[in-house]
Structure formats: structure tokens, C-alpha cells
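# Architecture at a glance
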Number of protein chains: 2
Amino acid sequence: MIRFSREEYLDGARLTIESRKTAEEAADQIWREGYDNLFLTAVGGSTVPMMAAAAIVKEMTDLPVFVEQAAELAVRGNRNLTAKSVVVTLSKTGDTRETVEIAGICKGKGCRVVSFTRQEDSPLGRNSTFFIPMRHENGVEYEYMLIYWFVLRLLYLRGDFPEYPRFADQMEALPENLLRIKEEFDPRAEEIAAAYWKEPYMIWVGGNEMWGEVYMFTMCILEEMQWIRTKAVTSGEFFHGTLELVDENTAVFLVKGEGACRILDERAERFIRKYGKKYVILDPRDYDLVGIDQSFRWILAPAVISTILVDRLAAHMEAHTNHDLDYRRYYRQFDY
Amino acid sequence: MIRFSREEYLDGARLTIESRKTAEEAADQIWREGYDNLFLTAVGGSTVPMMAAAAIVKEMTDLPVFVEQAAELAVRGNRNLTAKSVVVTLSKTGDTRETVEIAGICKGKGCRVVSFTRQEDSPLGRNSTFFIPMRHENGVEYEYMLIYWFVLRLLYLRGDFPEYPRFADQMEALPENLLRIKEEFDPRAEEIAAAYWKEPYMIWVGGNEMWGEVYMFTMCILEEMQWIRTKAVTSGEFFHGTLELVDENTAVFLVKGEGACRILDERAERFIRKYGKKYVILDPRDYDLVGIDQSFRWILAPAVISTILVDRLAAHMEAHTNHDLDYRRYYRQFDY
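A short tour of the structure in this document, coming up. This structure is a prediction, so every number in the text was calculated from the model and none was measured. (Residues numbered from 1 in each chain as written. Chains lettered and ligands numbered in written order. Predicted model: local features only at pLDDT ≥ 70, side-chain atom pairs only at ≥ 80, totals over all residues. Heavy atoms only, no water.)

### Quick word on the overall build of chain A
To be explicit about the condition: We count a stretch as a helix when DSSP gives it H or I for four or more residues in a row; a strand needs E for two or more, and each element gets its number in order from the N terminus. A 1.4 Å probe rolled over the protein chains alone gives each residue an accessible area, and that area as a share of the maximum for its type sets the label: buried under 20%, exposed over 50%, partly exposed in between. The protein chains shown are the only cover counted for residues, whose accessible areas, like all others here, come from Shrake-Rupley with a 1.4 Å probe. Within this scheme the basic residues Lys and Arg register as positive and the acidic residues Asp and Glu register as negative, but His and the chain ends are omitted. Here the site of a charge means NZ on Lys, CZ on Arg, CG on Asp, or CD on Glu.
What chain A contains, in helices and strands, is 12 helices and nine strands. By principal-axis analysis of the C-alpha atoms, chain A measures approximately 55 × 45 × 45 Å. Among the 336 residues that make up chain A, the fraction classed as buried is 65%. Roughly 11700 Å² of accessible area belongs to chain A as shown, and the carbon and sulfur atoms make up 46% of that amount. Here chain A contributes 41 positively and 53 negatively charged side chains, and the mean placements of these two sets differ by 3 Å.

Structure below.
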């Protein structure tokens, strides 16, 4: 597979699984100490596994869980953010300005700050109460695994997710599944890229626990790394505006989920198949997850979609556009 | 002013102010009865004043306030939604499918459902516990006024917004201010429309309490009513992807706010002015609000922007594009 190292990927799996215990022990300690609510805060793509976790736990718990963009939270605050809050942040580099800042603000308020980042001795690590090593090179799926081992264990401890121990163990089988799924999807990624790389604009649709992936792939990959114009909209909201843009010349991508909101994806799918001409339907159900219970699939579906999009489709887009995924004209090039 | 009736607008103001007492009395009764949390739920443009209210109250209260897309909430649920929840819905026609459905589900659960709609004897009205008449013909600003008279009074009763009585009275002066602001903005609306109506794609930036307006104008006006492609992104998140699309050929609109997050709008503004060539900066601070305290301006800024965009700019766009704002090829044309 192009732009992919099997060795590096398996290394990422090993490093991620090594951090499971640290993530779970942080949850255990916080549970013992007590806490009032949970803030999940980051910027851009780092918020994505948090968006999924927050959408998923709506069905499981009445624990107040807030997802906040770090810069907004830093300048505006939130009256629910107190010394009894647990604040989760994530930044691979550990130096993302807004994330480092919000961690510092929250630590100063007396919150427990749980940070997922590469180095303990980084600006983010130094602003944290709990450091969860996140040492993989590539793969948003590894961020999901770590966030789930922390957030869903907190729910388990409250009695909101009794199946957690089985889920947490089975999640260790996710990387080998995703490796196989990458290989299965790879020819389709090439087909899609070959057919769509010249599109000047794409509509991407998908909702609830899948929304983060739609949000990220459009903004952080297509816009930031390929300079392709996009619109992202949830499957429910698609019918309240964006649908009017659908015609035979407009590229539409639908990301389906496997949870309760799948019915809304199916509604969008019927519409797109009927009135669109250029469309791609991406369905995590097309891929087996060996060793993982059917009932956990919807929780892992965002990671399945992430691996086929952020890893495979992006690589094949780059091969066609010749626009280097690593090139930025503005981002982190200078102060703004 | 084109596509505008002064008489109808002033009529809308009178009808809206007539409903103030009903909205406030509903809040008073709910406060006396007690409640655990507040759900604000609708679809598309009807969610917009709710988005603003939810963003604003983050700074005022620790009352749990949830904004939910009605279709997602209906199929997925939320563990915080109980018989002790207050559920606010809004639909001018009173027959929006998803909104009628969620109101029915919530009423069935024993929640108090507070609906802002035209007719008590509508599908939405019949699924509600409290009916707040919303009888104006046009003007999202009137939806803001009604939502604020309910939600911010609830906060006042909790002791979270002691300035409410003064704010609520002063809000009655909003329509006359907005009428003047429409007239002031109208020549600029024509200038902007003349310069930008041919743009095939626009980036719109704005965040926190202004986000709903950016969301709505792009999706419900430009996409749905003008078939113009758009990207909407918050001022904070703009720097994590979309910024890379800015170049001399890309139209960028920035909607500034007057609250704590203005500093993030200003950061986006500096970037856009430096690296963009085609841009429009819309700032509610350019307009006086006579008879309204400075300290309330940020709460009303979304209504100011709404009146200049949804009313004035949309009308001038239509005049140039010759694309009838009332024409739809799909929406509500048939079942899907």
C-alpha cells in the first residue's frame, strides 16, 4: 500500500496497547477521588475522537459531558468548568497552542487535566495532571482507542457500561482488523481517488458518532492537505438546506454509521442515490471486525471509517493530485 | 427596500411583543414546578436562535442546556432527557416533521414541551405542553426575542442573570433598531451582492454565539435558496484546516461577534485581511442599538447579523442571481 508502513503501523498498535493501563488507571483514580463532569477539549482533528465519544455516551450516561473547542473555552469559559471537572485534552505534538493554553488554564483552576500526547516533557504534558502516552506515528484509530479506554472506563465505573471489560479487551484486536480493512479498501480508495480527484468541491454527509470523521476528513485532509473545497453536513441536517445543491455534477460522499442514527444515513442515501449522479457511499458494515462483538461495532465504526479515509483515501488522492499531504502554505508556517 | 414591507415588519414586532407575557409565564410556571435541565431542539434554521442561546448561557449558568437536532434526538435519545426535562421546540409552520415527532416523543415521556409556533392547533402545537404564539411573517430576530424571553427568564429565576428585567424590557426596542439598521445596511447589501453574486463558492467564518447565523445563512439561504456552494467554519477552527483554502480567488466572509470570543474573530480577521483578496467583514459593532445597554449588545448581536444577512443580503443576492428565494427543487416538494 502506498504511503503506508506495515511495521510502523503494528508498532503504533503495540505502543497504543502499552498505554491502555495508564489510561485506565487514570480513570480509576479519578473515579475514586470523585468528579462532577467531563470536558473534552482540543482543536481541529484532535477533537474528532472526542466528538465520537461524546455522541456515543449520550445513549449510555447522564454524566454531563462537554465537548469544547479549546480556543473558545479558553477565552469564553464555561460555568460548568470547576475544580471538580475532569478535562481531557489531546495533541500528538504536545505543543498545539490553544490546547496547551486551555490545559494550563484548567490546571490553574484546580481541574484534573488528562492529556494524551507523545511526551510528558512537552508544553502540554507539563500543563497536565495525568499524562497518557500517545506514541504511535500515524493512525487516528489509535487516538480513539486511548480516548475510549479512558472515557468508557469512567462510564463503566459509574455502572453505565457494564460490558466495558469485554469491550476494552476486544479493542486490542482492532488494529489487526483495521490493517486487513485497509488492504480490502485500498483498491476502492484508488478507484474513488481516480474518479474524484479533479472535483473542485465535494459534499460530505454523515452524523452523530460519525460526524467527527466527516468534519475531519473534509477540513483537515481535503481542505488543509489537498486544497479541495468541501461542505460537511450531518445526515439529519442535509435535508434542511444542502440537499438543494445535489445535481448530476456535484460530488456527494455519504459516511454511514452503525448506531441508532443509521436510519438518518439511510434516508440521505435514498435521496442521494435517486437525485445524485456522482456519489460514493461509505459503509463500515461492509467490513468484518473479527473477535469483536456485533454490539460494539457502532462504537468502533468511526475508527473503521477513519482508517479507510484518513489513511487510504488521502494517500490515493495525493497520488493523483500530486499535492503533497504534508505541504502547508500557512498553517504553522508563521505567527498569525 | 426591496422584498421588504415596513408594515409587515412592524406588525411582526407587535405580534412578537404580545407573546412576551406568554413566554415569561411559561418560564415562571416551570420554575415553580422545578426541572432538571433544558433541551433545545429543532431542525435547520429553527435551531439557530437556540444555538445562540446555548452558547450565551455557558457563561451565565451551570444549568445543563443541550442543543439537539430533532431527528437525531428522536432516533438516538439522550440519557439526560427525562420527565424532569424541559424541551423547547420551534417551527414557524408547526408541521416540520422531525420537530413534530420529537415534541410528541418528549410529551409522551412526561417532559414539559414548550413550542414556539404560529398556531396552537397545529401538529406541533398539539404535541406541546406550553404554546408560545410566534405570529410574525418574517424575521429571525423575532424568534430570538421569544426564545430569549423564555430561556433567559429561566436563568433569571435561578439567579443567573439578575439584569434580566432590564434586558427583557430593552429587547422591546430591538425591532425599531433593526429597522434602522436594515436601512443603514441596505446600500452595503447591494454592494456586496453586486460584487459576490457570481461566486460559485464562499467561505463563511464566525463562532460561539454567532455560529448559528453563519450556519444558517450558508445552509438555509445560500445553499437552499440560492444554490451557491459554501463552507461554514468557526473562527477558532478556521485555523485548523480551512485557512489553507484562502487565496486571491476565494470569497471569504467573516461574521464578528461582540462577546468574549471576539478576540478569535479578530485573529481570523487579521489573517483574512493579510492573505485574502476577496473578503467581507461583517461587524455588529458598526450599528447602534439605541436604548439598549452596552453590556447586552453581545447577546443581541446574532439578531443584528440575522437582520442584515437573512433579510437584506439575501434579497439583494436574489435581485442579482434571479434565483427566486422561494423556489425549491426538492425540499418539501415530495416525500424522501
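Next, the rest of the story.
### Overview of helix H3 (residues 48-57) of chain B
Residues and elements named next belong to chain B. Stated precisely, the cut-off is as follows: Residues count as neighbours in contact if any of their non-hydrogen atoms are within 4.5 Å of one another.
With 10 of 10 residues buried, H3 lies mostly within the body of the structure. Among all positions in H3, only Val 48, Pro 49, Met 50, Met 51, Ala 52, Ala 53, Ala 54, Ala 55, Ile 56 and Val 57 are buried. Tucked into the core, H3 has its buried residues touching strand S1 (37-42), strand S2 (65-69), strand S3 (85-90), helix H7 (140-158), helix H10 (211-226) and helix H12 (297-321).

### Some remarks on the nonpolar core
Definition in use: What makes a nonpolar core is a set of buried Ala, Val, Leu, Ile, Met, Phe, Trp, Tyr and Cys residues whose side-chain atoms join them at distances within 4.5 Å.
In terms of nonpolar packing, the biggest core is built from 219 residues, with Tyr 148, Phe 150 and Trp 204 of chain A together with Tyr 148, Phe 150 and Trp 204 of chain B touching the most fellow members. If sequence neighbours within four positions are ignored, Phe 150 of chain A has contacts with Ala 23, Ala 26, Ala 27, Ile 30, Leu 38, Val 86, Val 88, Val 114 and Phe 116 of chain A.

### Describing the interface of chain B and chain A
Filter applied, for reference: Throughout, the accessible surface (probe 1.4 Å) given up by two parts as they are put together, summed over both, is called the buried area. Should a side-chain nitrogen of Lys or Arg be within 4 Å of a carboxyl oxygen of Asp or Glu, the pair is scored as a salt bridge.
Listed as interface residues are 63 residues of chain B and, on the opposing side, 63 residues of chain A. Taking both partners together, chain B and chain A bury about 5900 Å²; carbon and sulfur atoms supply 52% of that area. When the buried area of chain B at its contact with chain A is split by residue, Arg 79, His 240 and Glu 244 of chain B rank highest and sum to 13% of it. The salt bridge involving Lys 58 of chain B is made with Glu 68 of chain A; its shortest N-O contact spans 3.4 Å.

### Concerning the environment of Thr 129 of chain A
All names here are of chain A. Put simply, the test is: Pairs of N or O atoms within 3.5 Å make up the polar contacts considered here, provided that, within protein, one atom can donate a hydrogen while the other can accept it, and that residues adjacent in sequence are counted only when both atoms are side-chain atoms.
With respect to the secondary-structure elements, Thr 129 resides in the loop between helix H6 (123-126) and strand S5 (130-133). Judged by relative accessible area, which is 42%, Thr 129 ranks as partly exposed. Along the chain, Thr 129 and Gly 110 lie 19 residues apart, while their C-alpha atoms are 9.7 Å from each other. Separated by 2.8 Å, the side chain of Thr 129 and the backbone nitrogen of Val 113 make a polar contact.

### Overview of the relation of the copies chain B and chain A
Worth spelling out the cut-off: We superpose the copies by least squares over the C-alpha atoms of residues that have a pLDDT of at least 70 in both of them.
Least-squares fitting of chain B to chain A yields an RMSD of 0.0 Å, with the transformation described by 0.0 Å of translation along the axis and a rotation of 180°. The transformation relating the two chain copies, once decomposed into turn and shift, fits a two-fold axis. Residue Lys 231 of chain B, judged by its C-alpha, is the member of chain B lying nearest the rotation axis, at 2.7 Å.

### Observations concerning the packing of H7 of chain B against helix H9 (residues 174-196) of chain B
All names here are of chain B. Rules: For helices, the fitted axis covers only the stretch in contact; all axes are lines through C-alpha atoms, and the angles between them, taken along N-to-C directions, range from 0 to 180 degrees. Roughly parallel means an angle under 35 degrees; roughly antiparallel means over 145; roughly perpendicular covers 65 to 115; every other angle is labelled oblique. By definition, any crossing whose near helix is turned counterclockwise from its far helix by less than a right angle is left-handed, and any crossing with a clockwise turn is right-handed. When residues are sorted by character, Ala, Val, Leu, Ile, Met, Phe, Trp, Tyr, Cys and Pro go into the nonpolar class, Asp, Glu, Lys and Arg into the charged class, and all the rest, Gly among them, into the polar class.
Packing of H7 against H9 brings their axes to within 11 Å, and their N-to-C directions diverge by 155°. Overall, the two elements H7 and H9 adopt an arrangement that is roughly antiparallel. In this structure, H7 crosses over H9, and the sense of that crossing is right-handed. Touching Glu 141, Tyr 142 and Met 145 of H7 are Leu 174, Pro 175, Leu 178 and Lys 182, all from H9. Split into classes, the residues belonging to the contact of H7 with H9 amount to five nonpolar, no polar and two charged.

### Here's the deal with the packing of helix H2 (residues 20-33) of chain A against helix H7 (residues 140-158) of chain A
Residues and elements named next belong to chain A. At a minimum axis distance of 8 Å, the contact between H2 and H7 shows a crossing angle of 35°. Handedness of the H2/H7 crossing: right-handed. Only Leu 146, Trp 149, Phe 150, Arg 153, Leu 154, Leu 157 and Arg 158 of H7 make contact with H2, whose side of the interface consists of Arg 20, Ala 23, Glu 24, Ala 26, Ala 27, Asp 28, Ile 30 and Trp 31. Split into classes, the residues belonging to the contact of H2 with H7 amount to 10 nonpolar, no polar and five charged.

### Digging into unusual backbone geometry
With phi around 55°, Trp 227 of chain A is a residue other than glycine that occupies positive phi space. Summarising the element assignment, Trp 227 of chain A is placed in the loop between helix H10 (211-226) and strand S7 (229-233). Taking the relative accessible area as the measure of exposure, Trp 227 of chain A reaches 28% and is therefore partly exposed. Here the phi dihedral of Asn 208 of chain B falls at roughly 50°; this positive angle occurs in a residue that is not glycine. Looking at the secondary structure, you find Asn 208 of chain B in the loop between strand S6 (201-205) and H10. The class of Asn 208 of chain B is buried, set by a relative accessible area of 7%.

### What about the packing of aromatic side chains?
Quick note on the threshold: For Phe, Tyr and Trp, rings pair up if their centres lie within 6.5 Å, where Trp contributes its six-membered ring, and each pair is then called stacked (planes under 30 degrees apart), edge-to-face (over 60) or tilted (otherwise). Over a ring means this: the NZ of a Lys or the CZ of an Arg is within 6 Å of the ring centre and within 35 degrees of the ring normal.
All told, the structure shown has 46 aromatic pairs over all chains when counted by the stated rule. Judged by centre distance (5.5 Å) and plane angle (50°), the rings of Phe 4 of chain A and Tyr 9 of chain A are tilted. Both rings, one in Phe 271 of chain B and one in Tyr 275 of chain B, keep their centres 4.8 Å apart while their planes meet at 45°; by these two values the pair is tilted. Remark: Tyr 275 of chain B and Phe 271 of chain B occur in helix H11 (residues 262-275); sequence separation between them is four residues, near one turn of the helix. One aromatic cluster is present, built from ring pairs that chain together Tyr 144, Tyr 148, Tyr 156, Phe 161, Tyr 164, Phe 167 and Phe 296 of chain A. Positioned above the aromatic ring of Trp 227 of chain A, the side-chain terminus of Arg 329 of chain A is 3.6 Å from the ring centre. Of note, Arg 267 of chain B hangs over the ring of Phe 239 of chain B, and the distance from its end group to the ring centre comes to 4.1 Å.

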